[in-house]
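Fold and contact review
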Amino acid sequence: MSKTSSLPESVVYEILANPRRRATIRHLTTTASGRTVSLRDLATAIAAAETGQSPPPRASRESVYNSLHQTHLPKLDELGVVAYDREARAVGVCDSTRQVDRYLEGSIPYGLTWGEYYRGLGIVSLLLVVASLAAVPVVEAIDPLLWASGFLSVFALSALYQLWSIRWCFRGVLSEKKST
């Protein structure tokens, strides 16, 4: 499979079924900011998260290191989700890394994540309330309390929709697993 192809949803869920693969993707897209990291640094970060200790115990680091090197990173590399250089023991992101990471965050139509949607909604609501308080023409015609109440209602309805859609998403995955 090429490193830039789109992954089927079932493969993405299989990837995300393992906590160490999820932690790898999360670390590469957030903490490492998309740059290449050494296997040792990645294993240390994941072991620290798993144990809650910094630095993590040597046995935990070695366990994470071995499972990443022997199982998880080769699988992710084969699927084109990460670029893993076995000789250099270096891990980097691929085009598909962000695609899989979006499933960790949850996404909505138009390629936005729920986090991006809520941040945008919060910024727009804040700007409109401030504009109303600052007596900006047209916006000032509506009381700031109405703006705030309206956007709180949109937040609540969005959260309900998100919970409902996740429920159906997981229900479909479960029924797909039962049929196979």
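Below you will find a few notes about this structure. (Residues numbered from 1 in each chain as written. Predicted model: local features only at pLDDT ≥ 70, side-chain atom pairs only at ≥ 80, totals over all residues. Heavy atoms only, no water.)

Observations concerning the sheet that holds strand 3 (residues 90-93)
- Read from one edge to the other, the open sheet built from three strands follows the order 1-3-2, with strand pairing classed as antiparallel. Edge strands, defined here as strands with exactly one partner in the open sheet, are strand 1 (37-38) and strand 2 (82-85).
- Here strand 1 pairs with strand 3 via two bridges, running antiparallel. Looking at strand 3, one finds that Val-37 is bridged to Val-91.
- The strands that helix 4 (residues 58-78) touches are strand 2 and strand 3; relative to strand 2, the one it contacts most, it runs at about 130°. (Pairing = 2+ DSSP bridges. Helix = DSSP H or I, 4+ residues; strand = E, 2+ residues; numbered from the N terminus. Contact = heavy atoms within 4.5 Å. Axes fitted to C-alpha atoms, helices over the stretch in contact; angles between N-to-C directions.)

Regarding the pattern of salt bridges
- In this structure the tally under the stated criterion is three salt bridges.
- Across the salt bridge formed by Lys-75 and Glu-14, the nearest N and O atoms sit 2.6 Å from each other. Of this pair, Lys-75 sits in helix 4 while Glu-14 sits in helix 1 (residues 9-16); the two residues are 61 residues apart in sequence, bridging distant segments of the chain.
- Here Lys-75 falls in the partly exposed class, since its relative accessible area comes to 27%.
- Residue class for Glu-14 comes out partly exposed when judged on its relative accessible area of 42%.
- Of the charged contacts, one joins Glu-50 and Arg-20 as a salt bridge, the two residues approaching to 2.8 Å between their closest N and O atoms. On the criterion of sequence distance, the pair formed by Glu-50 in helix 3 (residues 39-51) and Arg-20 in helix 2 (residues 19-31) is long-range, its members being 30 residues apart.
- The class for Glu-50 is partly exposed, based on a relative accessible area of 42%.
- For Arg-20, a relative accessible area of 17% translates into the label buried. (Salt bridge = Lys/Arg side-chain N within 4 Å of Asp/Glu carboxyl O. Buried < 20%, exposed > 50% of the residue type's maximum accessible area, 1.4 Å probe, protein only.)

Section: the packing of helix 3 against helix 4
- The geometry of helix 3 relative to helix 4 is characterised by a closest axis approach of 8 Å and an angle of 120° between their N-to-C directions. Accordingly, the angle class assigned to the pair helix 3 and helix 4 is oblique. Two packed elements cross with a definite hand, and for helix 3 against helix 4 that hand is right-handed. When helix 3 is examined against helix 4, the residues Leu-39, Arg-40, Leu-42, Ala-43, Thr-44, Ile-46, Ala-47, Glu-50 and Thr-51 are found in contact with a partner set consisting of Ser-60, Arg-61, Val-64, Tyr-65, Leu-68, His-69 and Leu-73.
- Of the residues belonging to the contact of helix 3 with helix 4, the class tally is nine nonpolar, four polar and three charged. (Parallel < 35°, antiparallel > 145°, perpendicular 65-115°, else oblique. Left-handed = near helix turned anticlockwise from the far one by under 90°. Nonpolar A, V, L, I, M, F, W, Y, C, P; charged D, E, K, R; others polar.)

Description of the packing of aromatic side chains
- Evaluation of the coordinates by the stated rule reveals three aromatic pairs.
- With centroids separated by 5.4 Å and ring planes inclined at 65°, the aromatic side chains of Tyr-117 and Tyr-118 adopt a geometry described as edge-to-face.
- For Tyr-117, a relative accessible area of 23% puts it in the partly exposed group.
- Seen in terms of ring centroids, Tyr-118 and Phe-155 are 5.9 Å apart; in terms of plane orientation they differ by 10°. Their pairing is stacked. Residue Tyr-118 is located in helix 6 (residues 114-133), and its partner Phe-155 is located in helix 7 (residues 144-179); the two are separated by 37 residues in the primary sequence.
- Taken together, the ring pairs connect Tyr-117, Tyr-118 and Phe-155 into an aromatic cluster. (Phe/Tyr/Trp six-rings, centres within 6.5 Å; stacked < 30°, edge-to-face > 60°.)

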